Amino acid sequence: MTGYFNGIPAIRYEGPESENDFAFRHYNPDEVVAGRRMEDHLRFAVAYWHSFAWPGGDPFGGQTFERPWFGDTMEHARLKADAAFEMFDILGVPYFCFHDADVRPEAGSFAASLKQFEAIVDHFGAKMQTHRARLLWSTANLFSHRRFMAGAATNPDPEVFAWSAATVKACMDATHRLGGQNYVLWGGREGYETLLNTDLGRERHQAGRFLQMVVDYKHRIGFKGTILIEPKPQEPSKHQYDYDVATVYGFLKDFGLEQEVKVNIEQGHAILAGHSFEHEIALAASLGIFGSIDMNRNDYQSGWDTDQFPDSVPEMARAYYEILRAGGFTTGGTNFDAKLRRQSLDPEDLILAHVGAMDICARALKAAAALLQDGALERARAERYAGWDRPEAKSMLATGTLESISARVLESGLDPKPRSGCQERLENLWNRFV
Ligand code: XUL
Ligand code: CO
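What counts, and where the lines are drawn
Residues numbered from 1 in each chain as written. Chains lettered and ligands numbered in written order. Predicted model: local features only at pLDDT ≥ 70, side-chain atom pairs only at ≥ 80, totals over all residues. Heavy atoms only, no water. Helix = DSSP H or I, 4+ residues; strand = E, 2+ residues; numbered from the N terminus. Rg over C-alpha atoms; globule rule 2.2 N^0.38 Å. Buried < 20%, exposed > 50% of the residue type's maximum accessible area, 1.4 Å probe, protein only. Contact = heavy atoms within 4.5 Å. Lys, Arg positive; Asp, Glu negative; His and termini not counted. Charge placed at Lys NZ, Arg CZ, Asp CG, Glu CD. Phe/Tyr/Trp six-rings, centres within 6.5 Å; stacked < 30°, edge-to-face > 60°. Donors = N, O, S within 2.8 Å, 3.2 Å for Na, K, Ca; no water. Tetrahedral: all angles 85-135°; square planar, octahedral: opposite > 155°, others 65-115°. Near = heavy atom within 4 Å. Polar contact = N/O pair within 3.5 Å; in protein donor to acceptor, adjacent residues only side chain to side chain. Areas by Shrake-Rupley, 256 points an atom, 1.4 Å probe, with all protein chains shown as cover. Nonpolar A, V, L, I, M, F, W, Y, C, P; charged D, E, K, R; others polar. Salt bridge = Lys/Arg side-chain N within 4 Å of Asp/Glu carboxyl O. Pairing = 2+ DSSP bridges. Patch = residues over 30% accessible without salt bridge, like charges linked within 9 Å, V, L, I, M, F, W, Y side chains within 5 Å. Axes fitted to C-alpha atoms, helices over the stretch in contact; angles between N-to-C directions. Expected span 1.5 Å × (residues − 1). Parallel < 35°, antiparallel > 145°, perpendicular 65-115°, else oblique. Core = buried A, V, L, I, M, F, W, Y, C linked by side-chain atoms within 4.5 Å.

1. Thoughts on the overall build of the protein chain
The helix and strand inventory of the protein chain stands at 16 helices and 14 strands. What you see for the protein chain is a C-alpha radius of gyration of 24 Å, in line with the 22 Å of a compact globule of 434 residues. By principal-axis analysis of the C-alpha atoms, the protein chain measures approximately 80 × 60 × 45 Å. Out of the 434 residues in the protein chain, the part that is buried amounts to 50%. Considering only contacts in the protein chain between residues 6 or more positions apart, those separated by 24 or more positions represent 76%. Within the protein chain, one finds 46 positive and 60 negative side-chain charges whose respective centroids are separated by 4 Å.

This is the structure we're talking about:
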């Protein structure tokens, strides 16, 4: 025991009337919602980087947090892992996620860093024998170190491409060894600062080849998890190639990977791209590439990626409605890629941030499930498109030509009548459930 969370009890479900801060009011893992245990629907994961590696800095000031595991030695890294698994137990979360750089100190060479990484992965393996948390996904940090300042796979220097490929191999090996459910690629520096020094076509081709190598390797080692790309439009780079779901889909099609790779959608990134979270989820589902979510909001005024814990049931309900409509998660889950505010210094803050977020997601899931089960919204949607069930409409779409359609319009004296979209009525319906 590290003692870091001393005095904080394991969090249990106590129901909506509870006055205990250290209790769930809505998240009841075993409660069945729409035919599935809540825990199996939501598949919560804690993000190692924000909860255990982030020191509390912002562009105007450095570290505010003091954690006993902050430091560059392997002893620090092991202490951090021990504290992390203690927190997973307190929260009862089924999953966690990490980058290589979150869990091990970097050493003087690639080989030496790899050795330290493998030692920590062994430590995780041992912890997972005696603790419940499993690995939802891991990923390579190809953006923090200065060697990646001009990109990883898209770097003008082939040596950085090689370093990045070797790093991803190591992270995929770790994910496979720990039984991870997915492997994520977020292109933090895969983009550009200025077109004046950038060969956009060449960089995109490098990124495509890189991803093909990742998929090849997945099959060679027999990794059964899902490869996920996490779209984001900008920040840290001015423009990132994985801008949003639509852009990623075009990229996957171009490189023949649309059956191989899905997306990890983050609410804050959707907002930066000028979309809603539910838009990105619904689009990915309709394209057959929905994978997983990072559940962290952005401040709507700030214009950057503030990575805050969710605080709005109505907003999250929209997201879970789309996820349920798409059939729910398979290998994906709800990863809290969220960090405390930098004044939230205490161990309690770390626990309570997750408790509140898990409760919000649970309420949102229940509201979404109730509305889906009620069926009124889906009936209204089906009704709106009912004309397309008619045989002549079906054959027009399947085999029509402009000439044949034009002939039919002239012959029949067709005169379409506008109908209400009923938006306010549907919003009223929605608000009865949330
Ligand atoms: C950055 C971000 C990352 C990815 C993993 O905005 O979301 O933390 O989730 O690299
Ligand atoms: Co993320």
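More follows now that the structure is in view.
2. Brief notes about the packing of aromatic side chains
Working definition: an aromatic ring pair is given by the centre-to-centre distance plus the angle between the planes. Tallied over the full model, the rule gives 27 aromatic pairs. Aromatic side chains Trp-49 and Trp-137 sit 5.5 Å apart centroid to centroid with 40° between the ring planes, which places their arrangement in the tilted category. Of this pair, Trp-49 sits in helix α2 (residues 48–53) while Trp-137 sits in strand β7 (residues 134–139), and the two are 88 residues apart along the sequence. For the pair formed by Trp-49 and Trp-137, the shared burial category is buried. Where Phe-251 meets Phe-255, the ring centres are 5.1 Å apart and the plane angle is 50°; that geometry is what we call tilted. Looking at Phe-251, the relative accessible area reads 8%, which means it is buried. Taken together through their ring pairs, the aromatic side chains of Tyr-4, Phe-5, Tyr-48, Phe-52, Trp-69, Phe-85, Phe-88, Phe-96, Phe-98, Phe-117 and Phe-124 make up a single cluster.

3. With respect to the coordination of the cobalt ion (ligand 2)
The cobalt ion (ligand 2) binds to the protein through Glu-230 (OE), Glu-266 (OE), Asp-294 (OD) and Asp-337 (OD), with metal-donor distances spanning 1.9 to 2.1 Å. Considering all six donor atoms around the cobalt ion (ligand 2), the spread of angles at the metal, 80 to 172°, places the coordination shape in the octahedral class. Expressed as a motif, the donor residue spacing for the cobalt ion (ligand 2) is E-x35-E-x27-D-x42-D. Of the two residues, Glu-266 is situated in strand β12 (residues 261–266) and Asp-294 in strand β13 (residues 290–294); the sequence distance between them amounts to 28 residues. According to the relative accessible area criterion, Glu-266 is buried, its value standing at 1%.

4. Here's the deal with the site of ligand 1
Taken together, Trp-49, His-99, Trp-137, Trp-186, Glu-230, Lys-232, Glu-266, His-269, Asp-294, Asp-305 and Asp-337 make up all the residues around ligand 1. The side chain of His-269 places a nitrogen or oxygen atom 2.8 Å from an oxygen atom of ligand 1. Side-chain polar atom of Asp-337 to an oxygen atom of ligand 1: 2.7 Å apart, as the coordinates give it. Look at ligand 1: alone it shows 290 Å² of surface, and the protein chains cover 94% of it. The residue makeup of the shell around ligand 1, split by class, is three nonpolar, two polar and six charged.

5. Side note on the pattern of salt bridges
Tallying each qualifying case throughout the model produces 24 salt bridges. With a shortest N-O distance of 3.1 Å, Asp-40 and Arg-37 are connected by a salt bridge. The partly exposed category is assigned to Asp-40, whose relative accessible area is 32%. Sharing partners across several salt bridges, the network here consists of Asp-30, Arg-37, Glu-39, Asp-40 and Arg-132.

6. A few points about the pairing of strand β10 (residues 226–229)
Side chains Thr-226 and Leu-228 project from β10 onto one buried face, and the interleaved Ile-227 and Ile-229 project onto a second face that is buried too. Examined bridge by bridge, strand β8 (residues 182–185) and β10 share four bridges and lie parallel to one another. Along β10, the bridge assignment pairs Val-184 with Leu-228. Where β10 and β12 come together, three bridges link them in parallel fashion. Opposite Leu-228, over in β12, you have Lys-262 as the bridge partner.

7. A few points about a nonpolar patch on the surface
A surface patch of nonpolar side chains, amounting to about 370 Å² of accessible area, comprises Tyr-385, Trp-388 and Leu-397. Tracing the backbone through its elements, the reader meets Leu-397 in helix α14 (residues 391–399). The exposure class assigned to Leu-397 is exposed, which follows from its relative accessible area of 65%.

8. Considerations on the sheet that holds β7
The sheet built from eight strands closes into a barrel, its strands ordered β5-β6-β7-β8-β10-β12-β13-β14 with parallel pairing. Put simply, the sheet's adjacent strands are angled 30° from each other on average, direction ignored. Most of the contacts of helix α6 (residues 158–177) go to β8, to which it runs at about 155°, and overall it touches β7, β8 and β10.

9. A look at helix α11 (residues 313–325)
The end-to-end C-alpha distance of α11, which contains 13 residues, comes to 18 Å, matching closely the 18 Å that a straight helix rising 1.5 Å per residue would cover. If you check which residues of α11 are buried, you get Val-313, Met-316, Ala-317, Ala-319, Tyr-320, Tyr-321, Glu-322, Ile-323 and Leu-324. The N-cap residue of α11 is Ser-312: its side-chain oxygen and the backbone nitrogen of Glu-315 are 3.2 Å apart. Directly beyond the C-terminal end of α11, a positive phi value near 100° is found at Gly-327.

10. Details of helix α7 (residues 200–221)
A rise of 1.5 Å per residue sets the reference length of α7, with its 22 residues, at 32 Å; its end C-alpha atoms lie 32 Å apart and thus fit the reference within 8%. If you check which residues of α7 are buried, you get Glu-203, Gln-206, Ala-207, Gly-208, Phe-210, Leu-211, Val-214, Val-215, Tyr-217 and Lys-218. Those residues of α7 that are buried lie in contact with α6, β8, β9 (191–192), β10, α8 (245–254) and β12.

11. Things to note about the packing of α7 against α8
The interhelical angle for the contact between α7 and α8, taken along N-to-C directions, is 70°, at an axis separation of 10 Å. Taken together, α7 and α8 sit at an angle that is classed as roughly perpendicular. Of α8, the residues touching α7 (which contributes Arg-204, Ala-207, Gly-208 and Leu-211) are Gly-250, Phe-251, Leu-252 and Asp-254.

12. Brief notes about the nonpolar core
Core analysis: the largest hydrophobic core is formed by 119 residues, its most contacted members being Tyr-48, Phe-88, Phe-96, Phe-124, Leu-211, Tyr-320 and Ile-351. Filtering out sequence-adjacent residues up to four positions away, Phe-124 remains in contact with Tyr-48, Ala-81, Phe-85, Phe-96, Phe-98, Val-103 and Leu-178.

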